[in-house]
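# Geometric and topological summary
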Amino acid sequence: EVQLVESGGGLVQAGGSLRLSCAASGFTFDDYAIGWFRQAPGKEREGVSCISSKDGRTYYPDSVKGRFTISSDNAKNTVYLQMNSLKPEDTAVYYCAAVRSYCARDYGWYDYWGQGTQVTVSS
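Model, not experiment: these values are computed from the prediction.

By the criterion of burial, strand β4 (residues 32–39) is predominantly enclosed, with 7 of the 8 residues buried. Pairing of β4 with strand β9 (residues 92–100), which is carried by 8 bridges, proceeds in the antiparallel orientation. By the bridge assignment for β9, A33 is matched with V99. Sheet topology places β4 next to strand β5 (residues 46–52); 6 bridges connect them, and they run antiparallel. Looking at the pairing, F37 lines up with G47 of β5. The hairpin formed by β4 and β5 contains 6 residues between the paired strands, and G42 there has a positive phi angle of roughly 80°.

Right, here's the structure in full:
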């Protein structure tokens, strides 16, 4: 059974940090790229990062660049999202998702999704 399980969300003050984890199982981790997306009520789903073991590329939109860092521990089949200097506008449910081979901007390409973890940034 394919599973992606997010953890690490919570409530944090503006300027603080959180590290999210995405634990994968049930598929060949090294054959996929893992992306992080977020969705706040009333807003579109937004990609915030992605990492591919195939080409080693990482991606960040301008909204999080310099604040968020994605990393992968292939031995643990786990991807992390380190989030620093958090802002209230970062508040959302954060999802990890898997897409075959390489990162994609369009969330429609992703094959598997986790259940999400809530991140709330207070001011």
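Bringing the pattern of salt bridges into the picture now. Pairs may arise between side chains of opposite charge once their charged atoms sit close together. The full count for this structure, using the stated rule, is 6 salt bridges. Salt-bridge contacts for K54 lead to D31; the nearest nitrogen and oxygen are separated by 3.3 Å. Here K54 is found in the loop between β5 and β6 (58–59), whereas its partner D31 is found in the loop between β3 (18–25) and β4, with 23 residues between them in sequence. What makes K54 partly exposed here is its relative accessible area of 42%. The salt bridge involving R38 is made with D90; its shortest N-O contact spans 2.9 Å. Highlighted residues: R38 in strand β4 and D90 in the loop between β8 (78–83) and β9, separated in sequence by 52 residues. Salt bridges linked by common partners bring R38, E46, R67 and D90 together as one network.

Moving on, we get to the packing of aromatic side chains. Summed over all chains, the structure comprises 7 aromatic pairs. With centroids separated by 5.9 Å and ring planes inclined at 40°, the aromatic side chains of Y32 and Y112 adopt a geometry described as tilted. Of this pair, Y32 sits in strand β4 while Y112 sits in strand β10 (residues 112–113); the two residues are 80 residues apart in sequence, bridging distant segments of the chain. Note on Y112: relative accessible area 26%, which makes it partly exposed. Among the aromatic residues, those joined into a ring-pair cluster are F37, Y95, Y110 and W113. In this structure, R45 is placed above the aromatic ring of Y107, and the distance from its NZ or CZ to the ring centre is 4.0 Å. Across the ring face of W113, the terminal group of R45 is positioned such that the distance to the ring centre comes to 4.8 Å.

About the cut-offs
Residues numbered from 1 in each chain as written. Predicted model: local features only at pLDDT ≥ 70, side-chain atom pairs only at ≥ 80, totals over all residues. Heavy atoms only, no water. Buried < 20%, exposed > 50% of the residue type's maximum accessible area, 1.4 Å probe, protein only. Helix = DSSP H or I, 4+ residues; strand = E, 2+ residues; numbered from the N terminus. Pairing = 2+ DSSP bridges. Salt bridge = Lys/Arg side-chain N within 4 Å of Asp/Glu carboxyl O. Phe/Tyr/Trp six-rings, centres within 6.5 Å; stacked < 30°, edge-to-face > 60°. Lys NZ or Arg CZ within 6 Å of the ring centre and 35° of its normal.

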